[in-house]
There are 2 protein chains.
Amino acid sequence: MNEFDFLKKLKQNFNFDLTGDDCAVLPFANGTDLLVTADMLVEGIDFRLEWASPEDVGRKSLAVSLSDIAAMGGDAKWALFSMGIPDRLWNEDFLFPFYNGINKLAQEFGVRIAGGDISRNPGPMVIDSIVVGSCPEDAAVLRSGAKEGDLICVTGPLGGAAGGLRILESGARGQPEPEFESQEPVSRQLNPTPQLILGNILRTRRLVTSMIDISDGLSSDLPHICERSGKGAVIDAALVPVDPNLEKIDPELLLPFNSPLDAALNGGEDFELLFTSPAAVRKEVEELGCCVIGRIVADPSTLDITADGSSRRMRPSGYAHFGEDQ
Amino acid sequence: MNEFDFLKKLKQNFNFDLTGDDCAVLPFANGTDLLVTADMLVEGIDFRLEWASPEDVGRKSLAVSLSDIAAMGGDAKWALFSMGIPDRLWNEDFLFPFYNGINKLAQEFGVRIAGGDISRNPGPMVIDSIVVGSCPEDAAVLRSGAKEGDLICVTGPLGGAAGGLRILESGARGQPEPEFESQEPVSRQLNPTPQLILGNILRTRRLVTSMIDISDGLSSDLPHICERSGKGAVIDAALVPVDPNLEKIDPELLLPFNSPLDAALNGGEDFELLFTSPAAVRKEVEELGCCVIGRIVADPSTLDITADGSSRRMRPSGYAHFGEDQ
């Protein structure tokens, strides 16, 4: 039984009917829904201290949860951090810049740190990033709202973070020659900015029918929208906004991605939003800097990408999550 | 620099002014405050699979956070669980009964599971238990409200869970002879019930001025109330409700606690609440089954326990937290 089947079975058994979107949407008060999201980051899997500074790790820990609030079109309000810290990191040199990274991003978006928990952990460092936000009642943008004929859109260039990760993994960062060319993808990987403002604008102007943050890669996250909405999708490869910096990276270094487009489709962690819009608002969406990359179709078994007049099935090959995040 | 000093410095540096009580109290909507708490449990430190069943671990994971809501006098509404799961536990035999344990306790208190995150963790199993609750605006019972002359009270017997832990650690559980006598403390350790109902009654009847859940032991948690309230405390040893089951445990087995009273003062995890009440409501508090064990005094440097006419300083010797929970 694979991970997704196992989780499905778990959900069926235990009636976890509130789970399954980027955030839990909870009816807390008249007129306002509560948004809550939690993301667990594990050292060695979600971040590596060999190449990410403590400040980078702090920033990214908060960014992943803010991105979930962004995907609902919500407002982020408070953050809590539960941390399992190994002895070797229980010191000022690590924890002060770590919290500095959290704090700077929190201030950028008016988020307040409201608590959490600190535990000793004999294993790798574990960070659970919890963000609480809000949205007007019943207004949160779900994954399930895509309609036939809707435009499929993304908020910005894709693949840069995956390119940055390859540069870091290869050890090419800081080498005299590729340094200049590799700065931007590396920064895209290490210093993400969640699309809270754009997500909010898209919702308040009623430009979106469904939305998700691209955490695992377009090819992995688009199927979540299709499945929840009971629809299919066709992507036009020529319209996918491939991060222009990927062209500057040595193709050998980019492997196993065999092209910049491959990285844009299958690389994760760009912190962009994937959403669907009624065809009538195309101009407004494009004026916000978003790119239309395809169409929602009626048949839920369709998940195609077209290029040079031919069409093939798009296969998810982004980072395979162990589980599911919310 | 010890853990508490380090955390203090961290808070000063980063203005974490919302932290420091059992829950974060967040002004979410007119008339209603939001309560949020997160507790990280680490395998081998907070639970051991050698003696706790998967169902026990699930139940306890939720119970620790519900107890934080209880300590504010709040209503628990939703729970989220972020989990770092090692491969050896990624199976039905562990996860199904684990979630069963969560679910049973959740149903008992009308709490709904609203999501979370599941990650692979090469280290020990890590569970972050997040509970979201509510309280009427400005009504949450803080640690900071104790007044001079207030009664110091607890909701129930103390030390049983610590005794149960000693039985488990010693391997005496299941041995023919001590089995009967050790059932209750062991169950107290493995199957705690948070005092949500009593916490709520105490708040709604306006019987409390401050409250905290006893997680680390009376001698460790009472100082939190004193420090936050700027007051001192005097406890009468004869009034401390020592769990009667401790008398049945072999004194050798109870070591390093040198008496049942020692376990009651310094053992943690009883899931009882410690609170202060105006002297005028003594009768009402006692009718709820709570025990008056001492008095709040003006001098914040006083933290004494009196026994047989003499008085000595009460020294915290419960389980020393690495950090601070909220």
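Residues numbered from 1 in each chain as written. Chains lettered and ligands numbered in written order. Predicted model: local features only at pLDDT ≥ 70, side-chain atom pairs only at ≥ 80, totals over all residues.

> What is the right way to read the overall build of chain A from this model?
Each helix and strand counted, chain A has 10 helices and 12 strands in total. For chain A, the C-alpha radius of gyration of 19 Å lies close to 20 Å, the compact-globule estimate for 326 residues. With the C-alpha coordinates of chain A rotated into their principal frame, the extents come out at 55 × 55 × 45 Å. Expressed as a percentage of the 326 residues in chain A, the buried residues total 54%. The long-range share in chain A, meaning contacts at least 24 apart out of those at least 6 apart in sequence, stands at 85%. (Helix = DSSP H or I, 4+ residues; strand = E, 2+ residues; numbered from the N terminus. Rg over C-alpha atoms; globule rule 2.2 N^0.38 Å. Buried ≥ 20, exposed ≤ 12 C-beta atoms within 10 Å, placed from the backbone. Contact = placed C-beta atoms within 7 Å.)

> Quick question: what am I supposed to make of the nonpolar core here?
One broad trend across soluble globular proteins is that nonpolar side chains are buried collectively. Grouped together as the largest cluster of nonpolar side chains are 189 residues, with contacts concentrated most on V36 and A79 of chain A together with V36 and A79 of chain B. Beyond its immediate chain neighbours, meaning those up to four positions away, V36 of chain A contacts C23, A24, L26 and V132 of chain A together with L80, A114 and V132 of chain B. (Core = buried A, V, L, I, M, F, W, Y, C linked by C-beta atoms within 7 Å.)

> Looking at this model, I keep getting lost on the relation of the copies chain A and chain B. Mind explaining?
Comparison of the two chain copies shows a relationship of rotation about an axis with a shift along it. Once chain A is rotated about the relating axis by 180° and shifted along it by 0.0 Å, it coincides with chain B to within an RMSD of 0.0 Å. Taken together, these values place the two copies in the relation of a two-fold axis. Residues of chain A ranked by C-alpha distance from the rotation axis are headed by G123 of chain A, positioned 2.1 Å from it. Take the interface residues of chain A: 100% of them recur as interface residues in chain B, which is what a same-surface contact looks like. (Least-squares fit on C-alpha atoms with pLDDT ≥ 70 in both.)

> Please clarify how the interface of chain A and chain B should be interpreted in this entry.
By a widespread convention, an interface's size corresponds to the accessible area lost as its parts come together. Facing 49 residues of chain A, the contacting portion of chain B comprises 49 residues. With 9 residues, strand 4 (residues 112-120) of chain A is the largest single contributor of residues to the side of chain A that touches chain B. Within the side of chain A that touches chain B, the residues separate by chemical class into 28 nonpolar, 14 polar and 7 charged. (Nonpolar A, V, L, I, M, F, W, Y, C, P; charged D, E, K, R; others polar.)

> Which parts of the structure should I look at to understand the domain arrangement of chain A?
All names here are of chain A. Segmenting chain A into domains produces domain 1 (3-136) and domain 2 (143-313). A C-alpha centroid distance of 22 Å is found between domain 1 and domain 2. Taken together, the contacts link 18 residues of domain 1 with 19 residues of domain 2. Going through the elements one at a time, helix 2 (54-71) and strand 3 (75-85) are the ones with two or more residues in the side of domain 1 that touches domain 2. Here the element with the most residues in the side of domain 1 that touches domain 2 is helix 2; it accounts for 10 residues. (Domains from an automatic or database assignment.)

> In this structure, what is going on with the sheet that holds strand 11 (residues 303-307) of chain A? I would like to understand it.
Whether parallel or antiparallel, the strands of a sheet pair through hydrogen bonds between backbone atoms. Residue and element names in this part refer to chain A. The 7 strands lie next to each other as 7-9-6-10-8-11-12, forming an open sheet whose pairing is mixed. Two strands close off the open sheet at either side, each with one partner strand: strand 7 (210-213) and strand 12 (310-313). Shown here is a sheet whose adjacent strand axes are inclined to one another by a mean of 25°, direction ignored. (Pairing = 2+ DSSP bridges. Axes fitted to C-alpha atoms, helices over the stretch in contact; angles between N-to-C directions.)

> Looking at this structure, I do not really get the environment of F98 of chain A. What am I missing?
Relative to the helices and strands, F98 of chain A is located in helix 3 (residues 92-108). C-alpha of F98 of chain A to C-alpha of E55 of chain A: the two residues are 43 residues apart in sequence and 4.5 Å apart in space.

> Looking at this model, I keep getting lost on the pairing of strand 1 (residues 24-29) of chain B. Mind explaining?
Look at any regular strand and the pattern is simple: side chains alternate between the two faces of the sheet. Residues and elements named next belong to chain B. In this sheet, strand 2 (residues 32-42) lies alongside strand 1 in antiparallel orientation, the contact comprising 5 bridges. Bridge pairing in strand 2 links V25 to L35. What sits between the antiparallel neighbours strand 1 and strand 2 is a turn of 2 residues, in which G31 has the positive phi angle 90°.

> Any chance you could explain the sheet that holds strand 2 (residues 32-42) of chain A here in plain terms?
Residue and element names in this part refer to chain A. In space, the 5 strands of this open sheet follow the order 1-2-5-3-4, with mixed pairing throughout. Of all strands in the sheet, those with a lone pairing partner are strand 1 (24-29) and strand 4, marking the two edges. Taking each pair of neighbouring strands and ignoring which way they run, the sheet shows an average axis angle of 20°. Strand direction decides the pairing type here: strand 2 and strand 5 (residues 126-136), joined by 11 bridges, are antiparallel. Looking across to strand 5, one finds that L34 is bridged to S134. On the sheet, helix 2 packs against strand 2, strand 3 and strand 5 and is oriented at approximately 30° with respect to strand 5.

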